[in-house]
Amino acid sequence: MLADHDESVPHTHPEPGVDPHPPLPQLDRAVRIGIGGPVGSGKTALVAALCRALADELRLAVVTNDIYTTEDADFLKRAGVLDPARIRAVETGCCPHTAIRDDISANLDAVEELEEAFGPLDLVLVESGGDNLTATFSKGLVDQQIFVVDVSGGDKVPRKGGPGVTTADLLVINKTDLAPLVGADLGVMDRDARARRGDLPTIFQSIAEDPHASQVAAWVRHVVAHSRGHEHAGAH
Amino acid sequence: MHSTAYLLLADGRFPSGGHAHSSGLEAAVAAGRVTDLAGLESFLHGRLSYAAPVTAAFTAATHLTASRLGRAPSHTHSDNKVPFLTLDAELEARTVSPALRLASRRQGRALLRAGRLTWPSELYAYLPKHPDGPHQPLALGVTTAAAGLSTEESAHIAAYGVLTGPASAAVRLLGLDPYQVQNLLARLAGACDEIAASAAAVAHKSPEELPAHAAPLADISAEIHATWEVRLFAS
């Protein structure tokens, strides 16, 4: 029996469709969602799952910030979830957090190039290079950010906090299918995430069990719809 | 002197895209040409001998052109653009490696974005349009003019930037002692000052008369680096 099927563990809280933030300003460009988190937490797999789930209904593109330049972009291209031309890799000079927070110019250039080449777009996903618990995106680069941790990193991660866990618009606790194997207590992670994040949403998921990351995809749809005044998203 | 604006632009934390470029150091490290502090010193002497004079002179010449136009623009926008087109063409001719042209333009585009938002000015519109961006020295020349700096200061920031990019990359790639690297930069300060002064002194010359130093090995290394499947730096 997998731990995340245990009814005593609330998998998701609060309802991910409920956004405690003030509404986004209506944009005349694609919504930009940053996806950050430690190395190996499943960021690229989440991006691939979101492409799988959303590519037919949203006009989307992806920017990757891999430490080794094109590894993640290549993974996504091989996964065949999106036209490879819609995936751009940004070099980060050994400092993945610098490229998403302190000097966002290369990422902005990549986003704008994609919008110019394929626009108008509904959504650009910006995946950070694997970094540490303090790496968050600049508000100058993304509108909303998802922070991804996984249960195999230990159930202490939410308690340790850090700007990613504490302030991200959505916290994703990934690989819940591995919880019994690594002795991670999802109940502890859930309690600590609530304590750290207040009203901000947290989603527990296993992409192995849900290849379309349906809860996260629903959150993304909601964000895109809000930025467009509920008009375009999902309309085609 | 506009000391604080000068320091802002020279600061490695100014968000102008430089952190992703090693200016050839990553290629030199991989080829085993730079392995330690002494190797970095030789590499930086090389940068000072070929890259710095050209970069600083084109920055200073662009600065002077932009500053004059800022004071007394021609009547038509297109007339104002002509001297910048010439500077662009002359610098393009001096940058034979396509990979280095792209690296220069990408850094120029990043600097232009930062400059426009930091010191708004009409001067930026004079730069030639190019899909990859303006060459970095042209972007720096116009940005320093928009920030109200002198031609000497613009040349100084350019020459200093030629050193600090690879020095910072060396700390990250080789784990060199950061104090020793700063000590090395301090020892190169005199040479850097001289190059900046020389560049400012020729800023009034026509673009074809500006320095045209070249380093074939750096060009070849940059072309090879651009083909790597796995690299940490954009150049």
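Each value, and the rule that gives it
- Residues numbered from 1 in each chain as written.
- Chains lettered and ligands numbered in written order.
- Predicted model: local features only at pLDDT ≥ 70, side-chain atom pairs only at ≥ 80, totals over all residues.
- Heavy atoms only, no water.
- Helix = DSSP H or I, 4+ residues; strand = E, 2+ residues; numbered from the N terminus.
- Buried < 20%, exposed > 50% of the residue type's maximum accessible area, 1.4 Å probe, protein only.
- Contact = heavy atoms within 4.5 Å.
- Areas by Shrake-Rupley, 256 points an atom, 1.4 Å probe, with all protein chains shown as cover.
- Buried area = accessible area lost by both parts, 1.4 Å probe.
- Salt bridge = Lys/Arg side-chain N within 4 Å of Asp/Glu carboxyl O.
- Polar contact = N/O pair within 3.5 Å; in protein donor to acceptor, adjacent residues only side chain to side chain.
- Phe/Tyr/Trp six-rings, centres within 6.5 Å; stacked < 30°, edge-to-face > 60°.
- Core = buried A, V, L, I, M, F, W, Y, C linked by side-chain atoms within 4.5 Å.
- UniProt positions renumbered as here; feature names shortened; annotations may be inferred.
- Lys, Arg positive; Asp, Glu negative; His and termini not counted.
- Pairing = 2+ DSSP bridges.
- Axes fitted to C-alpha atoms, helices over the stretch in contact; angles between N-to-C directions.
- Parallel < 35°, antiparallel > 145°, perpendicular 65-115°, else oblique.
- Left-handed = near helix turned anticlockwise from the far one by under 90°.

1. Side note on the overall build of chain A
Then, number 1: Across its full length, chain A carries 9 helices and 8 strands.
Then, number 2: Within chain A, buried positions represent 56% of all 236 residues.
Then, number 3: Partitioning the intrachain contacts of chain A with sequence separation of at least 6 by distance along the chain shows that 81% fall at a separation of at least 24.
Then, number 4: Accessible surface computed for chain A: about 9,300 Å², of which carbon and sulfur atoms make up 52%.

2. Description of the interface of chain A and chain B
Then, number 1: Across the boundary between the two partners, chain A contributes 18 residues, which contact 19 residues of chain B.
Then, number 2: Counting the surface lost from both chain A and chain B, the interface buries some 1,600 Å², and carbon and sulfur atoms represent 49% of this.
Then, number 3: If you sort the residues of chain A by the area they bury against chain B, E91, C94 and D103 of chain A come out on top, with a joint share of 33%.
Then, number 4: For the pair chain A and chain B, the number of links is 5 salt bridges.
Then, number 5: In this structure, E112 of chain A and R113 of chain B form a salt bridge, with 2.9 Å as the shortest nitrogen-oxygen distance.
Then, number 6: Across the chain A-chain B interface, the total number found is 10 residue pairs in polar contact (both at pLDDT 80 or more).
Then, number 7: Considering every element that reaches the side of chain A that touches chain B, the biggest residue donor is helix 4 (residues 105-118) of chain A, with 5 residues.

3. Remarks on the packing of aromatic side chains
Residues and elements named next belong to chain B.
Then, number 1: Within the structure shown, the criterion is met by 2 aromatic pairs over all chains.
Then, number 2: Their ring planes at 20° and their centres at 6.0 Å tell us that F84 and Y126 sit as a pair that is stacked. Of this pair, F84 sits in helix 4 (residues 77-94) while Y126 sits in the loop between helix 5 (98-118) and helix 6 (136-146), and the two are 42 residues apart along the sequence.

4. A few points about the nonpolar core
One broad trend across soluble globular proteins is that nonpolar side chains are buried collectively.
Residue and element names in this part refer to chain B.
Then, number 1: L9, L40, L44 and W119 are the most contacted members of the largest nonpolar core, which totals 69 residues.
Then, number 2: For this core, the leading source of residues is helix 3 (residues 37-71), giving 17 residues.
Then, number 3: With sequence-adjacent residues up to four places away left out, L40 is seen in contact with L25, V34, P166, A167, A170, L176, V181 and L184.

5. Some details on the UniProt feature "binding site: GTP" (unreviewed entry) in chain A
Residues and elements named next belong to chain A.
Then, number 1: Feature annotation in UniProt assigns "binding site: GTP" (unreviewed entry) to the following positions: G37, P38, V39, G40, S41, G42, K43 and T44.
Then, number 2: With respect to the element layout, G40 can be found in the loop between strand 2 (31-36) and helix 1 (43-54).
Then, number 3: Classification of G40 as partly exposed rests on a relative accessible area of 46%.
Then, number 4: With respect to the helices and strands, K43 occurs in helix 1.
Then, number 5: A residue is classified by how much of its surface remains accessible, and K43, at 5% relative accessible area, is buried.
Then, number 6: The residues contacting K43, other than those within four sequence positions of it, are I35, G36, G37, P38, E127, S128, G129, G130 and V148.
Then, number 7: Within polar-contact distance, the side chain of K43 engages the backbone oxygen of P38 at 2.8 Å.

6. Description of the environment of L27 of chain A
All names here are of chain A.
Then, number 1: Secondary-structure assignment places L27 in the loop between strand 1 (12-13) and strand 2.
Then, number 2: Taking the C-alpha atoms as reference, L27 lies 6.0 Å from S227; in sequence the two are 200 residues apart.
Then, number 3: Non-local contacts of L27, meaning those with residues more than four positions away in its chain, are made with D143, S227 and R228.

7. Re the side chain of D103 of chain A
Then, number 1: Tracing the backbone shows D103 of chain A in the loop between helix 3 (96-102) and helix 4.
Then, number 2: In this structure D103 of chain A is buried but unpaired, with R113 of chain B as the nearest side chain of opposite charge at 7.7 Å.
Then, number 3: Within the structure, D103 of chain A has its side chain in polar contact with the side chain of S105 of chain A (distance 2.7 Å).
Then, number 4: A distance of 3.1 Å separates a polar side-chain atom of D103 of chain A from the backbone nitrogen of S16 of chain B.
Then, number 5: For D103 of chain A, the residues in contact, after removing those within four places along its chain, are T98 of chain A together with F14, P15, S16, G17, G18 and H19 of chain B.

8. As for the pairing of strand 3 (residues 60-64) of chain A
All names here are of chain A.
Then, number 1: Here strand 3 lies mainly inside the structure; 5 of its 5 residues are buried.
Then, number 2: Every second residue of strand 3 is oriented toward a common face, with L60, V62 and T64 on one face and A61 and V63 on the other, all of them buried.
Then, number 3: Here strand 3 pairs with strand 5 (residues 123-127) via 5 bridges, running parallel. Each residue of the ladder has a partner; that of A61, found in strand 5, is V124.
Then, number 4: In the sheet, strand 3 pairs with strand 4 (residues 87-89) via 3 bridges, with the strands oriented parallel. Note that in strand 4 the partner of T64 across the bridge is A89.

9. Brief notes about the packing of helix 7 (residues 151-174) of chain B against helix 8 (residues 178-187) of chain B
Residue and element names in this part refer to chain B.
Then, number 1: Across the interface, helix 7 lies against helix 8 with an axial gap of 10 Å and an inter-helix angle of 160°. When the interaxial angle is binned, helix 7 and helix 8 end up roughly antiparallel. Our pair here, helix 7 against helix 8, has a crossing hand that is right-handed. Each of L163, A167 and V171 in helix 7 lies in contact with helix 8, whose residues at this interface are P178, V181 and L185.

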